[in-house]
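One letter stands for each residue in the lines below.
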Amino acid sequence: ILVFGPPFRRSAVLGWLRRPWLPHPPTDRVAHAWRLCEVALGDLGVERFEGDTASALAHRAGPKLPPGLNLEPLLEAADIADRVRYGLGLDPQDDMRARRNAEMAYQGIWEALGEWDKVRAVYRWHL
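Here is what the cut-offs are and how they apply
Residues numbered from 1 in each chain as written. Predicted model: local features only at pLDDT ≥ 70, side-chain atom pairs only at ≥ 80, totals over all residues. Heavy atoms only, no water. Helix = DSSP H or I, 4+ residues; strand = E, 2+ residues; numbered from the N terminus. Contact = heavy atoms within 4.5 Å. Expected span 1.5 Å × (residues − 1). Buried < 20%, exposed > 50% of the residue type's maximum accessible area, 1.4 Å probe, protein only. Salt bridge = Lys/Arg side-chain N within 4 Å of Asp/Glu carboxyl O.

Undergrad: A description of the side chain of His32 should follow, citing residues and the corresponding values.
TA: Structurally, His32 can be placed in helix H2 (residues 26-44). Ignoring anything within four residues of it in the chain, the contact list for His32 reads Trp16, Leu17, Pro20 and His24.

Structure below.
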């Protein structure tokens, strides 16, 4: 369980966030997209505080991101997540844009991690 548990759990959670097995409303899909960004930022070592908005977390993560990494997908996903979370509206394309931007942010951060950071991220129990 100690060897295979954390990687299996991470794989299951990321799979669920990317493509849930059950149908969900667009607001939940946007929340899942932002949660994928939070997992990536956690892998990078950016701590999420209670009461943080998505935009506040994204802006706080800016200095910790590797140089040259495009911050725009993360900021756009955060903006959409905040609008949905606080009931300010959901455009018809927001669901797709949030998921696309979250995936780009996740992949960009994952590729910027070193090998030991990736191993540490795979065995991180709290996602």
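Undergrad: Residue-level account of helix H5 (residues 94-112), with values.
TA: Relative to the 27 Å expected for 19 residues at 1.5 Å per residue, H5 spans 27 Å between its end C-alpha atoms, a close match to the ideal helical length. Those residues of H5 that sit buried are Asp94, Asp95, Ala98, Asn101, Ala102, Ala105, Tyr106, Gly108 and Ile109. On its buried face, H5 is in contact with helix H1 (5-18), H2 and helix H4 (72-85).

Undergrad: Help me get a handle on the pattern of salt bridges, residues and values and all.
TA: Inspection of every chain in the model, using the stated rule, returns 13 salt bridges. A salt bridge links Asp43 to Arg10; the nearest nitrogen and oxygen atoms lie 2.5 Å apart. Within this pair, whereas Asp43 is found in helix H2, its partner Arg10 is found in helix H1, the two being separated by 33 residues in sequence. Of the two residues, Asp43 and Arg10, both sit in the buried class. We note a salt bridge from Arg83 to Asp79, for which the minimum N-O separation is 3.9 Å. Taken together, the residues Arg83 and Asp79, both in helix H4 and four residues apart, mark about one turn of the helix. What makes Arg83 buried here is its relative accessible area of 19%. A cluster of three or more residues bridged by salt bridges with shared partners is formed by Glu76, Asp79, Arg83, Asp94 and Arg97.

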